[in-house]
Structures are given as C-alpha cells and as structure tokens.
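Each chain is listed here by its residues.
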Amino acid sequence: MTMNIRWIPLMLVLVGIPVFAEGQFAQSQPNTLTLDGAIAQAIASDPWLSGSRYREEALTSESISAATLPDPKVSLMAANFPTDSFDINQEAMTQLTVGVSQMFPRGDSLELTRRQKQELAAQEPLLRQDRQEKVTATVTQLWLDAYRAQESIRLIEQDRSLFEHLVDATKARYSSALGRARQQDIIRAQLELTQLEDRLTVLRQQLESARKRLSEWIGGQASLPLARSLSSNLEDEPSLATSQMNNDRWLFEQINRHPLLLAFDQRIEAMQTGVELVQQKYKPEWGLTAQYGYRDDDPMGRDRADLFSVGVTFDLPLFTGNRQDKDVNAATSRAEALRTDRLLLARKLMAELNTTIVRIQRLNQRRGLYDRQLLPQMAEQAEASLTAYNNDHGDFAEAVRARIAELNAKIDFLTIKIDRLKMVAELNYLLPQSRSGLPKDNLTMSPATNGNRAEGMTR
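Residues numbered from 1 in each chain as written. Predicted model: local features only at pLDDT ≥ 70, side-chain atom pairs only at ≥ 80, totals over all residues. Heavy atoms only, no water.

Trainee: Give me the overall build of the protein: which residues, what numbers.
Mentor: The helix and strand tally for the protein stands at 11 helices and four strands. Of all 459 residues assigned to the protein, the portion counted as buried reaches 41%. Across the protein, the fraction of contacts at a sequence separation of at least 24, relative to all contacts at a separation of at least 6, is 84%. As presented, the protein carries roughly 24,400 Å² of accessible surface, and 54% of it is formed by carbon and sulfur atoms. (Helix = DSSP H or I, 4+ residues; strand = E, 2+ residues; numbered from the N terminus. Buried < 20%, exposed > 50% of the residue type's maximum accessible area, 1.4 Å probe, protein only. Contact = heavy atoms within 4.5 Å. Areas by Shrake-Rupley, 256 points an atom, 1.4 Å probe, with all protein chains shown as cover.)

Trainee: An account of helix α7 (residues 248–255) is requested, with residue identities and associated values reported.
Mentor: Think of an α-helix as turning once every 3.6 residues; residues three or four places apart then point the same way. Along α7, the residues classified as buried are L251, Q254 and I255. Down the axis of α7, the smallest arc covering the buried residues is 100°, so these residues share one side. (Arc of directions from axis to C-beta.)

Trainee: Please provide a residue-by-residue account of the pattern of salt bridges, values included.
Mentor: All told, the structure shown has 20 salt bridges when counted by the stated rule. A salt bridge links R55 to E124; its shortest N-O distance comes to 3.7 Å. Of this pair, R55 sits in helix α3 (residues 47–66) while E124 is found in helix α4 (residues 109–175), placing the two residues 69 residues apart along the sequence. In this structure, R213 and D145 form a salt bridge, with 4.0 Å as the shortest nitrogen-oxygen distance. Of this pair, R213 sits in helix α5 (residues 183–218) while D145 sits in helix α4, placing them 68 residues apart in sequence. Taken together, the salt bridges that share partners define one network made up of D145, R148, R213, D419 and K422. (Salt bridge = Lys/Arg side-chain N within 4 Å of Asp/Glu carboxyl O.)

Trainee: Which residues make up the packing of aromatic side chains, and what values do they have?
Mentor: Counted according to the given criterion, the structure contains three aromatic pairs. Relative to F314, the ring of W286 lies with its centre 4.7 Å away and its plane at 40°, an arrangement referred to as tilted. Taken together, the residues W286 in strand β3 (residues 286–294) and F314 in strand β4 (residues 307–314) connect sequence positions 28 residues apart. Looking at W286, the relative accessible area reads 40%, which means it is partly exposed. (Phe/Tyr/Trp six-rings, centres within 6.5 Å; stacked < 30°, edge-to-face > 60°.)

Trainee: Could you give me a rundown of the sheet that holds strand β1 (residues 73–79), with the residues and numbers involved?
Mentor: Within the open sheet, the four strands sit side by side as β1-β2-β3-β4. Their pairing is antiparallel. Bordering the open sheet on either side are β1 and β4, each of which pairs with just one other strand. Averaged over neighbouring strand pairs, the angle between their axes works out to 20° when direction is ignored. Where strand β2 (residues 95–104) lies against β3, nine bridges are found, and the strand directions are antiparallel. Note on β3: the bridge partner recorded for L96 is Y294. (Pairing = 2+ DSSP bridges. Axes fitted to C-alpha atoms, helices over the stretch in contact; angles between N-to-C directions.)

Trainee: For the confidence of the model for the protein, give the residues involved together with the corresponding values.
Mentor: Summary statistics for the protein give a mean pLDDT of 81 and a share of 78% for residues scoring 70 or more. Here residues 436–459 is modelled with pLDDT under 50, and outside its nearest four sequence neighbours on either side it reaches 53 contacts, counting other chains as well. (pLDDT = per-residue confidence, 0-100.)

Trainee: Any details on the nonpolar core? Residues and values, ideally.
Mentor: By size, the foremost hydrophobic cluster in this structure holds 35 residues, and its most contacted members are L33, V139, W143, I156, L214, W217 and I218. Top contributing element to this core by residue count: α4, with 12 residues. (Core = buried A, V, L, I, M, F, W, Y, C linked by side-chain atoms within 4.5 Å.)

Trainee: Before we move on, could you go through the pairing of β3 and cite the residues and values that matter?
Mentor: Looking at chain direction, β3 and β4 are connected through eight bridges and run antiparallel. Bridge pairing links L288 to V312 in β4.

Trainee: Pulling in residues and values, what's your account of the environment of D248?
Mentor: Along the chain, D248 falls in helix α7. Taking the C-alpha atoms as reference points, D248 and N354, separated by 106 residues in sequence, lie 8.6 Å from one another. If near-sequence neighbours (up to four positions away) are discounted, D248 is found in contact with M350 and N354.

Trainee: Which residues make up the side chain of R154, and what values do they have?
Mentor: On the secondary structure map, R154 appears in helix α4. We classify R154 as buried; its relative accessible area is 17%. Within the structure, R154 has its side chain in polar contact with the side chain of E151 (distance 2.9 Å). (Polar contact = N/O pair within 3.5 Å; in protein donor to acceptor, adjacent residues only side chain to side chain.)

Trainee: Can you explain the environment of A78? Please cite residues and give values.
Mentor: Among the secondary structure elements, A78 is positioned in strand β1. As a C-alpha pair, A78 and L96 span 18 residues in sequence and 4.6 Å in three-dimensional space. In this structure, A78 is in contact with Q95 and L96, ignoring residues within four places of it in sequence.

Trainee: Explain helix α2 (residues 35–44) to me, using residue names and the numbers behind them.
Mentor: Along α2, the residues classified as buried are L35, A38, I39 and A42. Seen from one end, α2 has its buried residues packed into an arc of 95°, which puts them on one side.

Trainee: Outline the side chain of R128, supporting the account with residue identities and numerical values.
Mentor: Mapped onto the elements, R128 comes out in helix α4. The class for R128 is buried, based on a relative accessible area of 13%. Separated by 3.3 Å, the side chains of R128 and S52 make a polar contact. Setting aside residues no more than four positions away along its own chain, R128 makes contact with W48, L49, S52, R53 and E56.

Trainee: For the environment of V400, give the residues involved together with the corresponding values.
Mentor: Inspection of the secondary structure puts V400 in helix α10 (residues 396–430). Sequence separation of V400 and A189 is 211 residues, and the distance between their C-alpha atoms is 7.5 Å.

Trainee: Talk me through unusual backbone geometry; I want residue IDs and the actual numbers.
Mentor: Even without a glycine there, the phi angle at N80 is positive, about 60°. Locating N80 in the fold gives a position in the loop between β1 and β2. Judged by its relative accessible area of 42%, N80 is partly exposed. Its identity is not glycine, yet F86 carries a phi of approximately 55°, on the positive side. One can find F86 in the loop between β1 and β2. Taking the relative accessible area as the measure of exposure, F86 reaches 54% and is therefore exposed.

Written out as structure tokens, the structure is:
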C-alpha cells in the first residue's frame, strides 16, 4: 500500500491528539467533581432531612406528653359570706374552701395516643431513607446529564483537531496540484468544521444547563469539571436473574419492601390506632374531686367543725348514633382510604420498575451491538475511506462522511451508556435492598475500539 509522503506528518499529529487530550485530563483530575462527592454533598446539605429529624423528635416528645394525665385543677373559694356584715363567724354556712379535681381520660385513650404518636414518629427514618435514595438517583441523573455533554464536547474537539489538520493538508495538496484535491474538498472540510462548532455550542449550552440544575443540590461545586470515572454509588443493576425479572410476584414483593411503602404502612398503623382511639368515646370520662372547707368559731366562741367533701363525676355516652358512631365510621373510612393510596403507590412503583427493567435490557442490547459490531465497523470504514483518498482512489466527500459517521456513532454510544446508567440509578432507587457490588460500568471507549481507531489512522 502506498501513501503520499506529505501525509505522514499529518498522520503522526492526528495520532498524538487523543493521547495529549487524555494526558491533559489526567492532570486535571484532582480538581474534578466525582459522583460520590456530588451525592455526599447533596445529602449533607438537604434541608428536608433535617426537617424530618425535627419532626421525629417532635412526635417522640408528644408521645411522652400524650401518655401523661392532664394537670389537676385547684379551686379556692370564699363561700356563703353574709352580705350584711361579711363576718366569717356570723353564719354557720360561711367557710373558706380549697378543692382539687383530677380528670381521667376515657378508657385507654392515653396509651393509644402515645402509641399513635410513636407510630407516626417511626415513619420518619423510613422517609429519610427514601429521601436519601431519591436524592442519590436525582443527583446521579443530573451528574450524568452534565457528564454526557462534557464527554461529547471532548469527542468532538478531538475530531475538530483532525478536521483542522485535514483542511490544512487539503489546501496544501490543492495548491501543489498533487493528487485529485479540488476546491470543493476544501469547502467541504471547512463546512464540516463550522458544523462541528455549532454542535459544540449546543453541547456547551446543555452542559451549562445541567450544571445549573445540579447546583440546586450541591451549590457552587457544580461548576467543577466532572471526573471521568464512575463512583461506588452508581453500581451495576442488581443481580436479578431472568426468572426473577419475569416474575411479577417476586418483583411486587421487592417493591413492598420499598422505604416509601414501609412508611405508608406506619401511617396505616397509626390510622388504625386512631380508629381504636375514637372507639374509646363509647366509654365514660371520669373525674375525681376533693374539697376542704374551713369554718371559724361561732359568735359565742364555740368551735365549729371544718368540712370535707369528695365526689366523682363521669359522663354518660348514651346517644351515640349521631356522634360516636359517626366518628368511628369516619376514622375507619380514612384508614381504608389510606390503604387504597398505598395500593395505588405500589402499583405505580411496580409499573416504573417493569419499565426500567425493559429499558435496561434494550439498552444492554444496543450497547453490545455498538461495542462489538457498529463502532469497529465504523472505524474500519473511516480508515478505508481515508486511505483510499490519500492514495487518490477515493472521494474526499466519502472520507469526510465516514469520519463524521464514526464521530456520531461514538456520541450515540456514549448516549446509550449514559441512558443505561440513568436507568440503573432509577432501578437502584426502586430496589435499594437488592443492590449488589457488581463491577462498575466503564464510560470510556473499549480498548478494542480505541485500538481500531488508532490503527486505522496510522496505516
């Protein structure tokens, strides 16, 4: 195979471009934003988690308070004073009294109220777990959106350098009248450069938008360059066997263990306790009263006995048709409505889980097709077209189209991998209890693909 000697320096420059870019990136790694760091920062600065801890503390304190008897009431009274003289020893009925009364709530109202508060407090740790999982999935997807734009820019800038050198070499070839270089080849190469610049502008806009959305969670750190390696927080999909993925009953059991549904169960228990609490209204509320009355001596100086009174009060819930019965029916209906809401949420999560699994399976198929067939074939086609043009056996437009097609395929491959990892993040949220430490995905091109590209450019 023959090659014009004027193209040898160009090939050497083009081969060195990706290596130089990788080296520059490696030097900037210490000042990058990792996915682990973004997730940790988002969770640490999430005000919702702090609010949930305060709510749990408040409910726990209320449970202690609710189990305590109401404060006793003390009454002081000057009774039966004669209005003509207001003399304490004139009349035998005149006395100074002090009384104490204590109310006892209906049935087991205190214990049931305490239990209900504790059940409501018990849902907060589950809600915090769900919130952390949700923040992890959200930040992961935002980070991946920014990563996709950043890596697409990197791929295009690598090929932009190639096209810049291709324009220079075509101009030199055209001006020296070597080969079949034509003026339209120069125009075509310049046009492709302009289109690449436009794509870079769009991608930079997407990168800036993704960073702004990410800054909602982590603040100014979103402006840092993103690390190219994945973190331990984004693992591969849970190790689900094919039989498990196709078993709706097994998946539904896993979904029922989701923290959000477990928190719903706690609310349902609290609501059921509320039904028992309302049922206590059928029982009387008791009150105990004790009173001591002091009497002064009579006008003759004879001693009068002091008086002591004690009594019990209670209500009679006799007419329950329009009050207690209706209150119990209302509490029971609310509990049943909450169970219906839980069922709807479980169905929604189940549908999202099935959709996510199907999308991951299809993205796995596309990823394998690109990795094993499409990218190597694109690299071979680009190499063959460029070699044919270098030896005056091919068309310049075909060589450019092949190179653009290879670039588009790499960006599509990156998009497929990013979409798949976003679905893995969603799956990890839906099945947090099924995560496994499988090998992490690799976002960089496979060695075989890089080897094919380098080999095609040096021949």
